Amino acid sequence: MAITRTLVTLAVALIAGMACTGPDGARGPAGPEGAAGPAGPAGTSCTVADSGAGSRTITCDDGTTAVIADGADGAAGADGAAGADGAAGADGAAGAAGADGASCVGVDNGDGSFTITCGTDPAFTVTDPSYVPAGYTAADGIKGGIAYSQWWVTQGDGDGTLTDAAVTVGSEFVRCKTCHGWDGLGNHGAYANRTGMSTGAASRPDVSGVDLRATVASTSAQELFDLIQGTGGRDLNTAGNRHPDYSTALTEGQIWNIVKFMREEWIYPEELYRLAVDGPPVYTAADGTVVSPTLVYYAIGANGDATRGTTVYTTACAGCHGTDGTTIALGGDSVGELVRKKPNEAWFKVKFGQISGTSTVAMEPALVSDTDDLADLYKALANSMTYPDLP
Ligand code: HEC
Ligand code: HEC
């Protein structure tokens, strides 16, 4: 009875157990190592035996045999002979071609200058120092000298009238010579005793303090042209002096003529005479007085030859002025007298003529142009015994 009940209970328990799912069981321990494998086949084993006569015999299990000679020690090697010089190496390969330079474009400006533009660099200008402007080549220096004195006269290639409104400087201060002097030295030369507006003692412009001869020596023909043309004119100083605007008064041809005169036909004072000046003009503002320095000309014609000068005079001058130069009264002076009083001016008249403002030629230009001939003439005319003053 008791057993039965137990079996029933067990059966119930079993039935109950079969009907449920439990958790996974823990993993079991690793099994034992397997037994060692069988031994591999034996390797081939060789023995070495001395076979005499410097050889050994090698015999191996697999039946192979070999006899090898013992090696003797080698004798020490002899030093090697010095090596011959090596042959020169072959030329290196030519370098690779350079990269292209920047390419430049030059434009001829037609005035001796060229504008060069390279790539994207800023353009620049180069000037040919040997360039001579066509206007200069075609110019006439004698006409230029006439124009320097009176640019409007026809002999100086002017139109004969002095009407240009652009030239508005007082009285006759439109003539180059009036400010710059016959010698081009202005206040540094024969006009050392002249004053103008800046002294308050005169209504006329100041005489130029600029040394045009130095300017000529330091400028190109083109630069001198540009300075003279001076479009718009220039204020010269605070006293209201103005450099005339010659851009409309003078033609380009006239300016070139003046440039050529300045460079080629203007005679330096030292060639014909010397000038001593005892200081600058002294202006006293309080009473408005100006005390001018004394000008003394000396060594007139010192470089010349009086005999040759007399021949020049007789040939070129005596016909009008008489054998001793007194036939024509030149503002109260004889020819000799004028040369002695105003040697800065007389040669200019002889070389460029005495042109009146009404375009009539009293004395032709270029009667004597050569500097040596003029020095000879001056030497002769310096003698007041042969060429006396007017009575
Ligand atoms: C009213 C007086 C005056 C007259 C007329 C005058 N000049 Fe001048 N000139 C001057 C003065 C002053 C200067 C210096 C200042 C200047 O350069 O503007 C000068 C400067 C110049 C220069 C430049 C010099 C330099 O080194 O910069 C030239 C060239 C020149 N004159 C030429 C002439 C010619 C040619 C004429 C006639 C066609 C003339 N001048 C008429 C007063 C005058
Ligand atoms: C064809 C005639 C003639 C001949 C040749 C001549 N002259 Fe004159 N000369 C005159 C006349 C006329 C005047 C005056 C013009 C005037 O009054 O403006 C004059 C003026 C001058 C003047 C002064 C200019 C002035 O500023 O007032 C000088 C200097 C002069 N002659 C020197 C000479 C010399 C030197 C020679 C020789 C190389 C010479 N002359 C040849 C006719 C001549």
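The shown structure was predicted, so the numbers you read here are calculated from the model rather than taken from an experiment.

## What about the site of ligand 2?
Here comes step 1: Around ligand 2, 20 residues are found, and the nearest of them are Ala316, Cys317, Cys320, Ala362 and Met363.
Here comes step 2: Of all the elements in the fold, those that place two or more residues in the shell around ligand 2 are α9 (318-321), α10 (335-341), α11 (343-352) and β14 (361-363).
Here comes step 3: At four residues, the largest contribution of residues to the shell around ligand 2 is made by α11.
Here comes step 4: The residue makeup of the shell around ligand 2, split by class, is 13 nonpolar, five polar and two charged.

## Describing the site of ligand 1
Here comes step 1: In the vicinity of ligand 1, 22 residues are found, and the nearest of them are Cys176, Cys179, Ser208, Thr215 and Leu227.
Here comes step 2: Ranked by residue count, the leading element in the shell around ligand 1 is helix α4 (residues 176-180), at four residues.
Here comes step 3: Of the residues that constitute the shell around ligand 1, the class distribution is 16 nonpolar, five polar and one charged.

## Examining the environment of Ile142
Here comes step 1: Structurally, Ile142 is set in helix α3 (residues 141-150).
Here comes step 2: Accessibility expressed as a C-beta count within 10 Å gives 20 for Ile142, which makes it buried.
Here comes step 3: Taking C-alpha positions, Ile142 is 8.4 Å from Lys260, a pair spaced 118 residues apart along the chain.
Here comes step 4: Not counting chain neighbours up to four residues away, the residues in contact with Ile142 comprise Glu265, Phe352, Pro365 and Ala366.

## Re the sheet that holds strand β5 (residues 113-118)
Here comes step 1: Here three strands make up an open sheet; going across it, the order is β4-β5-β6 and the pairing antiparallel. Every interior strand has two partners, whereas the edge strands, β4 (104-108) and β6 (124-127), have only one. Neighbour-to-neighbour, the strand axes of the sheet open up by a mean angle of 30°, direction not taken into account.
Here comes step 2: Pairing between β4 and β5: five bridges, direction antiparallel. In the strand pairing of β5, Asp108 is matched with Phe114.

## A few points about the confidence of the model for the protein chain
Here comes step 1: Confidence in the prediction of the protein chain, expressed as mean pLDDT, is 80, and 74% of residues score 70 or more.
Here comes step 2: For the stretch residues 1-21, pLDDT sits under 50, and the model shows zero contacts to residues farther than four places along the chain or on other chains.
Here comes step 3: This model gives residues 72-77 a pLDDT under 50, and the stretch forms zero contacts once residues within four places in sequence are excluded.

## Quick notes on the packing of helix α8 (residues 306-316) against helix α12 (residues 371-381)
Here comes step 1: Their axes nearest at 7 Å, the elements α8 and α12 cross at an angle of 100°. The pairing of α8 with α12 is recorded here as roughly perpendicular in orientation. Residue-level contacts link Ala306, Arg308, Gly309, Thr310, Val312 and Tyr313 of α8 to Asp373, Asp376, Leu377, Tyr378, Lys379, Ala380 and Leu381 of α12.
Here comes step 2: Residue classes in the contact of α8 with α12 are distributed as seven nonpolar, two polar and four charged.

Cut-off values and rules
Residues numbered from 1 in each chain as written. Chains lettered and ligands numbered in written order. Predicted model: local features only at pLDDT ≥ 70, side-chain atom pairs only at ≥ 80, totals over all residues. Near = placed C-beta within 6 Å. Helix = DSSP H or I, 4+ residues; strand = E, 2+ residues; numbered from the N terminus. Nonpolar A, V, L, I, M, F, W, Y, C, P; charged D, E, K, R; others polar. Buried ≥ 20, exposed ≤ 12 C-beta atoms within 10 Å, placed from the backbone. Contact = placed C-beta atoms within 7 Å. Pairing = 2+ DSSP bridges. Axes fitted to C-alpha atoms, helices over the stretch in contact; angles between N-to-C directions. pLDDT = per-residue confidence, 0-100. Parallel < 35°, antiparallel > 145°, perpendicular 65-115°, else oblique.

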